[in-house]
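One letter stands for each residue in the lines below.
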Amino acid sequence: MRPRIHYVDCDVLIVGGGFGGCGAAYEARYWGRDLKIVVAEKANITRSGAVAHGLSAINCYMGMRWGENRPEDFVHYVRGDLMGLVREDLVYDIARHVDSTVHKFEEWGLPIMKDPATGHYLREGRWQVMIHGESYKPIIAEAAVKSAEVHNRVMVTHLLRDKTDPNRVAGAIGFHMREGTCYVFRARAVINAAGGASHIFRPRSVGEGAGRTWYSPWSSASAYALLIQAGAKMIQMENRIVLARFKDGYGPVGAWMLLLKAPSTNAYGEDFEAQRLEEIRALVGPYADTRPMPTCLRNHAMLQEMKAGRGPIYMHTQNVIDSKEKEDLGWEDFLDMTVGQAVLWAAQNIDPRERPSELMTSEPYVMGSHATCSGAWASGPDDCAPTDYQWGYNRMTTVAGLFGAGDTIGGSAHKFSSGSFTEGRIAGKAAVKYVRDHATQPPQLDEAQVQELHQAIFRPLDTYAVNRNEIVAGSVAPHYLTPLQGLQRLEKIMDEYAGGYSLFYVTSAPLLNRALELVAMLKEDLHQLGAEDLHQLMRAWELHHRVCTAEAVIRHTLFREETRWPGYYYRADHPTPRDPDWHVFTASRYDTRSDTWQLEKLPVHHFI
Ligand code: SFD
Ligand code: AMP
């Protein structure tokens, strides 16, 4: 089946209209008034991406106008939380611009809570401010819709290369999930802002609860796979994140811990973090005394406690709700961004004024914007990046004309929603400059590549149509694999071999090597994916993207013979972090033609 091709010509193509993508559209329009800016979004931009359901806090805000923090302070915080391993130039670049983004959000109608005593934004913690954020995404999306031509329901499956320079991007290809047409975008620059990845590792909630993950189930790793397949250099793909969350509903802990100051203890009411401090010092040295304690080490303390049979771990909400305002804030925190947790309280007869709630560590996620920084190796700002972190345009990957923002860009953690939008703005401005600088040398589409992909993208529909009558019983089909079957197979491999929750996040070289064998077999079977409709075709390509990203995670984890962030994962064969090897970035590059990966270490510079 080869549906008709719909060609779209543009100057800047933005893949993904989430927080990074909306920021990119807004800023690219500002600098490129005369340019054609296009967004390709697989859902509907009004409610797409990780903020679809809303949020209750903005987790990256300096408060410079009130003298609350300096960008340098933020760099120190992020560096401490990631145990030294961040791109300080990128973190600093976001910190110095993020406040103006948040002020714009307020101007556009986002209600930000105020501290009645000072009139300043109400702080959740030092870096976070509280919002009434159920409608956060529609408010921010409006700015992007006014700035760009948005193509909703178009999933990008591959980036396209330049005919004469395979290391230059020429656009992207995908399909429209309602019309079934093939979309080919011919673009002078591309900004990949396709978000992070859930469902790489088996989630704790399976069966009918399968959609209940912390990061959105539709965050399907396109940000990474599109880049990997285009030959971009990736970093820190081993830096998967595990989150401490309210058990089963994945309710966030930040507001309870930082604003309401609810204590968390083991089942016997003991402060396990304090009790385990010496033990953590023995494992990671001075990082145990970084304050706040690095996110991974807080997980580590919790995991040790649970392994010792001293769980459940409890958040003592009942100790801190002493007014109607605090009770309302606690409920709104969930209702704004994790409604399911409020439903769970109701379903399990938990009145937070009376009973504590269980905490649990989540399955691992791959992303670049929370307390973790997997993603592309990108060029930094020209006024402060060290020379080996800089090759021309801010946030350009190692592929010419290909930029990134938000979860896509590696090495700079703690961006969250506001920082991702800010990074989109930075990338949008740089992409416009790239387009102008190359005005007389537009990229040339490689028609052979387009034809090949046009054929490949729709193949799962053919595979299904041809083989569907061979179903032998129920839904058992000998000649095709459904996307869900493939996904569950991937999740099982990652969970059991690459450091998922079922082995308490433990992995090792033999386990990782076995994972690679199993992933290779899964990749062979992906040629036999069957899709019964366009929605399943999207699922098929999401699976391709997840498998490719999972392979990168395995290879990076195998390459580093150490446990870099205890509490995120453990290499049981190399249980401790080891300086000086520890303080390097792990980088990889995939070569599509030879199907080989090259891994290397890159230096971490501390200069702020
Ligand atoms: O506390 C394709 N996040 C939080 N950020 C905050 O500021 N405060 C919070 O309170 C936060 N919390 C939180 C958060 C996320 C979630 C899910 C929960 C709680 C439950 C994090 C932010 O949301 C996150 O950092 C940013 O959204 C990241 O931005 P970006 O742009 O990298 O990703 P996106 O917004 O998900 O957008 C991606 C878009 O791409 C689309 N897409 N389009 C076309 N083709 C493809 N192949 C595509 N693949 C994906 C997506 O549809 C989407 O629109 S707290 O708990 O941490
Ligand atoms: P969360 O709700 O867990 O996503 O956290 C929201 C924000 O608070 C993020 O910036 C977290 O890094 C931060 N945070 C959460 N818990 C703690 C803690 N115990 N100490 C310091 N920071 C925290």
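That block above? That's the structure.
Throughout what follows, the structure given in this document is the object of discussion. (Residues numbered from 1 in each chain as written. Chains lettered and ligands numbered in written order. Predicted model: local features only at pLDDT ≥ 70, side-chain atom pairs only at ≥ 80, totals over all residues. Heavy atoms only, no water.)

## Re the side chain of Arg-245
Note on placement: Arg-245 falls in strand 10 (residues 244–246). Among buried charged residues, Arg-245 stands out as having no salt bridge; its nearest opposite-charge side chain is Glu-124, 8.8 Å away. Filtering out sequence-adjacent residues up to four positions away, Arg-245 remains in contact with Trp-214, Tyr-250, Gly-251, Pro-252, Val-253, Glu-358, Leu-359, Met-360 and His-370. (Helix = DSSP H or I, 4+ residues; strand = E, 2+ residues; numbered from the N terminus. Buried < 20%, exposed > 50% of the residue type's maximum accessible area, 1.4 Å probe, protein only. Lys, Arg positive; Asp, Glu negative; His and termini not counted. Salt bridge = Lys/Arg side-chain N within 4 Å of Asp/Glu carboxyl O. Contact = heavy atoms within 4.5 Å.)

## Here we look at the environment of Phe-185
You can see Phe-185 is positioned in strand 8 (residues 182–192). Residue Phe-185 is classed as buried on the basis of its relative accessible area, which comes to 0%. Once the C-alpha coordinates of Phe-185 and Val-8 are considered, the two residues, 177 residues apart in sequence, prove to be 4.8 Å apart. With residues near it in sequence (within four places) discarded, Phe-185 still touches Val-8, Leu-13, Val-38, Ala-40, His-151, Val-154, Leu-160, Ala-170, Gly-171 and Ala-172.

## A word on helix 11 (residues 339–347)
For helix 11, the full list of buried residues reads Gln-341, Ala-342 and Trp-345. Down the axis of helix 11, the smallest arc covering the buried residues is 100°, so these residues share one side. Opposite the buried face of helix 11, by more than 90 degrees, sit the exposed residues Val-343, Ala-346 and Ala-347. Looking at the buried positions of helix 11, the neighbouring elements they touch are strand 10, helix 6 (254–259), helix 10 (324–337) and strand 13 (357–361). The first or second residue beyond helix 11 is Asn-349, which carries a positive phi of 55°. (Arc of directions from axis to C-beta.)

## Some remarks on the pairing of strand 13
Of all five residues that make up strand 13, four are buried, and the element is covered over most of its length. Pairing between strand 10 and strand 13: three bridges, direction antiparallel. Bridging from a neighbouring strand, Phe-246 pairs with Leu-359 of strand 13. Examined bridge by bridge, strand 12 (residues 313–315) and strand 13 share three bridges and lie antiparallel to one another. Bridge assignment links Ile-313 to a residue of strand 13, and that residue is Leu-359. (Pairing = 2+ DSSP bridges.)

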